[in-house]
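Structural overview
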Amino acid sequence: MVDIKTVEKTAYLARIELKEHEKEVLGRQFLDILTFVEQLKEVNTEGVEGMEYQVCTPLREDIPGECLSQEEATFNAPQRERGFFVVPRVVEV
C-alpha cells in the first residue's frame, strides 16, 4: 500500500476530501497502478521502432466569445479576494 501521507497529499492537491477508510482503499489502488506500470518496464521492446506523432490541429480564428464574470470565474476557487484568485507567493521581492 502507498503510505497514507502520500494519499493525503494527493487528495489535498486534487482538492478532494477522503474518509479514513477511503484513504486505505486509494492507497491500495495507487499500489496496483504502480505495479502495473512496473510490469510495462518488463515488456521486450527490442527492435520496435519508436512512434512519432504529428498532430495537425486545424487552427481556428481567434474570435472573442462570451466571457465569464469575475464572480463566475472565481466561484469554485479555494481562496479569493476582491474578485481575484489568492495563490501562494512564488517570487520573493
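A short tour of the structure in this document, coming up.

In terms of helices and strands, the protein carries 3 helices and 2 strands. The C-alpha radius of gyration computed for the protein amounts to 22 Å, which surpasses the reference 12 Å derived for 93 residues by more than 25%, pointing to a less compact arrangement than a globule. Dimensions along the principal axes, computed over C-alpha positions, put the protein at roughly 55 × 45 × 30 Å. For the protein, the proportion of its 93 residues judged to be buried stands at 9%. Here the contacts in the protein between residues at least 6 apart in sequence split such that 25% fall between residues at least 24 apart.

This next bit is on the pattern of salt bridges. Considering all chains together, one arrives at 5 salt bridges under this definition. Taking the shortest distance from any N to any O, the salt bridge between Glu71 and Arg80 comes out at 3.7 Å.

With respect to the helices, strands and loops of the structure, Arg82 is situated in the loop between β1 (80-81) and β2 (84-85). When the C-alpha positions of Arg82 and Glu71 are compared, they lie 9.5 Å apart, and in sequence the two are 11 residues distant.

Taken together, Ile33, Phe36, Val37, Leu40 and Val43 make up a surface patch of nonpolar side chains, about 460 Å² in accessible area. When you line up the elements, Phe36 lands in helix α2 (residues 20-41).

Under the definition given, this model contains 0 aromatic pairs. Across the ring face of Tyr12, the terminal group of Arg15 is positioned such that the distance to the ring centre comes to 5.3 Å.

Turning to the packing of helix α1 (residues 4-13) against α2, a few remarks are in order. Two elements in contact, α1 and α2, have axes whose closest approach is 9 Å; the angle formed by their N-to-C orientations is 100 degrees. Here α2 runs roughly perpendicular to α1, going by the angle between their axes. Along the contact surface, α1 presents Ile4, Val7, Glu8 and Thr10, while α2 presents Lys23, Glu24, Leu26, Gly27 and Phe30.

We now examine the side chain of Thr74. With respect to the helices, strands and loops of the structure, Thr74 is situated in the loop between α3 (70-73) and β1. The contact partners of Thr74, leaving out residues within four places of it in the chain, are Arg80, Gly83, Phe84 and Phe85.

Right, let's get into unusual backbone geometry. The backbone of Arg15 sits at a positive phi, close to 60 degrees, despite the residue not being glycine. In this fold, Arg15 is placed in the loop between α1 and α2. Despite not being glycine, Arg82 has its phi angle at roughly 50 degrees, a positive value. The class of Arg82 is exposed, set by a relative accessible area of 74%.

The terminal C-alpha atoms of α2, which comprises 22 residues, lie 33 Å apart, in line with the 32 Å expected from a rise of 1.5 Å per residue. Along α2, the positions that sit buried rather than exposed are Lys23, Leu26 and Gly27. What you see down the axis of α2 is that its buried residues fit within an arc of 110 degrees, all on one side. Exposed side chains of α2 directed beyond 90 degrees from the buried face belong to His21 and Asp32. In this structure, the buried side of α2 is in contact with α1.

Parameters and conventions
Residues numbered from 1 in each chain as written. Predicted model: local features only at pLDDT ≥ 70, side-chain atom pairs only at ≥ 80, totals over all residues. Heavy atoms only, no water. Helix = DSSP H or I, 4+ residues; strand = E, 2+ residues; numbered from the N terminus. Rg over C-alpha atoms; globule rule 2.2 N^0.38 Å. Buried < 20%, exposed > 50% of the residue type's maximum accessible area, 1.4 Å probe, protein only. Contact = heavy atoms within 4.5 Å. Salt bridge = Lys/Arg side-chain N within 4 Å of Asp/Glu carboxyl O. Patch = residues over 30% accessible without salt bridge, like charges linked within 9 Å, V, L, I, M, F, W, Y side chains within 5 Å. Areas by Shrake-Rupley, 256 points an atom, 1.4 Å probe, with all protein chains shown as cover. Phe/Tyr/Trp six-rings, centres within 6.5 Å; stacked < 30°, edge-to-face > 60°. Lys NZ or Arg CZ within 6 Å of the ring centre and 35° of its normal. Axes fitted to C-alpha atoms, helices over the stretch in contact; angles between N-to-C directions. Parallel < 35°, antiparallel > 145°, perpendicular 65-115°, else oblique. Expected span 1.5 Å × (residues − 1). Arc of directions from axis to C-beta.

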